[in-house]
Amino acid sequence: MKTHPRGHLTTLEHEAIHIIREAAAQCDRLVLLFSGGKDSIVLAWLARKAFHPAPVPFPLLHIDTGHNFPETLAYRDEFVETLGGRLVVRRVQDSIDQGRVAEETGPTASRNALQTVTLLDALKELKVDAALGGARRDEEKARAKERVFSHRNAFGQWDPRQQRPELWQLYNGRKQPGEHFRVFPLSNWTELDIWQYIAAEQIPMPSLYFAARRPVVLRDGMWLAKTPFLTLLPGETVEDRCVRFRTIGDATCTGAVLSEAATVEAIIQETAASRVTERGGRSDDKRSDAAMEDRKKVGYF
């Protein structure tokens, strides 16, 4: 296992591993929510370190919207195989076919919000006590309200006023039947920390994070990838631009940024200079000022 120089990354790594082990000690049935994005990749990497040389003792759960980038799915399968982990996939399309959710329509239709129902159904099916997630407090104002052990009621709902105090890094995992926790070991990390850790550990990353010429469409100030899931609106044209993605989510709502950063080192420099949060490129977060918080209250990641 690779080690890196002493410093704040070491402190963050030790804290995250402690939280992962604490969750495993307090909860019988865990999953790691895995999207194939940089935060869940780092989280899975840390989980491997937490239990090495034993394998990670819980599965990686991916909620597939059906609108994922092909590069993400290819990376997901290769990474999990390299990790020696077990992958569980649940699909939004199945929720649609079962009548559990209704497909959105219109030019801004997305499946990103629909995955909440698929996720809650999967957690109930798997009888999950705690779901490890890669959310960070610096991503979005609603996530800044999270505890590390974030309590969810029997309906999977989050109430920021009912969260438990976490003094001296003591985490309360007690719950009633049917309730569960979302556990966030990366709460104190920043986007820059993530990329610096990726560089220190030499973690292979999906190609979408690196700048390359790609077909994109400018919509409402955002560059969206031209995929089979994106329908052009009147007046829109496909352009070939050098872009990269700061987040990897549903392709219909994940915006790219104009960039020349084609290496991890260049991404670190670009991230350090950026004054726009990475979720500033997510159209689903722009539906209202409280879009993320509203989704979290009904069970979103």
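Residues numbered from 1 in each chain as written. Predicted model: local features only at pLDDT ≥ 70, side-chain atom pairs only at ≥ 80, totals over all residues. Heavy atoms only, no water.

Section: the confidence of the model for the chain
- In the predicted model, the chain carries a mean pLDDT of 87, and the fraction of residues at 70 or more is 89%.
- Scored below 50 in pLDDT, residues 282–288 shows 25 contacts in the model against residues more than four places distant or in partner chains. (pLDDT = per-residue confidence, 0-100. Contact = heavy atoms within 4.5 Å.)

Details of the side chain of Arg244
- Looking at the secondary structure, you find Arg244 in strand S9 (residues 239–245).
- When its relative accessible area of 1% is taken as the criterion, Arg244 is described as buried.
- A distance of 3.3 Å separates a polar side-chain atom of Arg244 from the backbone oxygen of Tyr209.
- Side-chain polar atoms of Arg244 contact the side chain of Glu270, separated by 2.7 Å. (Helix = DSSP H or I, 4+ residues; strand = E, 2+ residues; numbered from the N terminus. Buried < 20%, exposed > 50% of the residue type's maximum accessible area, 1.4 Å probe, protein only. Polar contact = N/O pair within 3.5 Å; in protein donor to acceptor, adjacent residues only side chain to side chain.)

Some points on the sheet that holds strand S3 (residues 87–91)
- One open sheet holds the 6 strands; their spatial order is S3-S2-S1-S4-S6-S5, and the pairing between them is mixed. Strands with a single pairing partner mark the edges of an open sheet, and in this sheet they are S3 and strand S5 (149–152). Direction aside, neighbouring strands of the sheet carry axes that sit 30 degrees apart on average.
- Relative to strand S6 (residues 180–183), strand S4 (residues 130–132) runs parallel, the two being bridged by 3 bridges. (Pairing = 2+ DSSP bridges. Axes fitted to C-alpha atoms, helices over the stretch in contact; angles between N-to-C directions.)

Concerning the packing of aromatic side chains
- Inspection of the entire model under this criterion finds 8 aromatic pairs.
- Between Phe51 and Phe58, the aromatic rings sit 5.8 Å apart at their centres with planes inclined by 85 degrees, giving edge-to-face as the arrangement. Grouping residues by exposure puts Phe51 and Phe58 together as buried.
- Summarising the aromatic geometry, the rings of Phe149 and Tyr171 are spaced 5.2 Å apart at their centres and angled 5 degrees between planes, so their arrangement reads as stacked. You can see Phe149 sitting in strand S5 and its partner Tyr171 sitting in the loop between S5 and S6, a full 22 residues away along the chain. You'll find Phe149 and Tyr171 in the same group, each marked buried.
- Within the aromatic cluster, the residues linked to one another by ring pairs are Phe34, Tyr75 and Phe79.
- Residue placement shows Arg48 over the ring face of Trp45; its charged tip is 4.5 Å from the ring centre. (Phe/Tyr/Trp six-rings, centres within 6.5 Å; stacked < 30°, edge-to-face > 60°. Lys NZ or Arg CZ within 6 Å of the ring centre and 35° of its normal.)

Description of the pattern of salt bridges
- Evaluated as defined, the whole model comprises 15 salt bridges.
- For Lys49, the salt bridge is made with Glu201, and the minimal N-O distance between the two is 3.1 Å. Of the two residues, Lys49 sits in helix H2 (residues 38–51) while Glu201 sits in helix H6 (residues 191–201), which places them 152 residues apart along the sequence. Each member of the pair Lys49 and Glu201 is classed as buried.
- With a shortest N-O distance of 2.6 Å, Arg246 and Glu191 are connected by a salt bridge. (Salt bridge = Lys/Arg side-chain N within 4 Å of Asp/Glu carboxyl O.)

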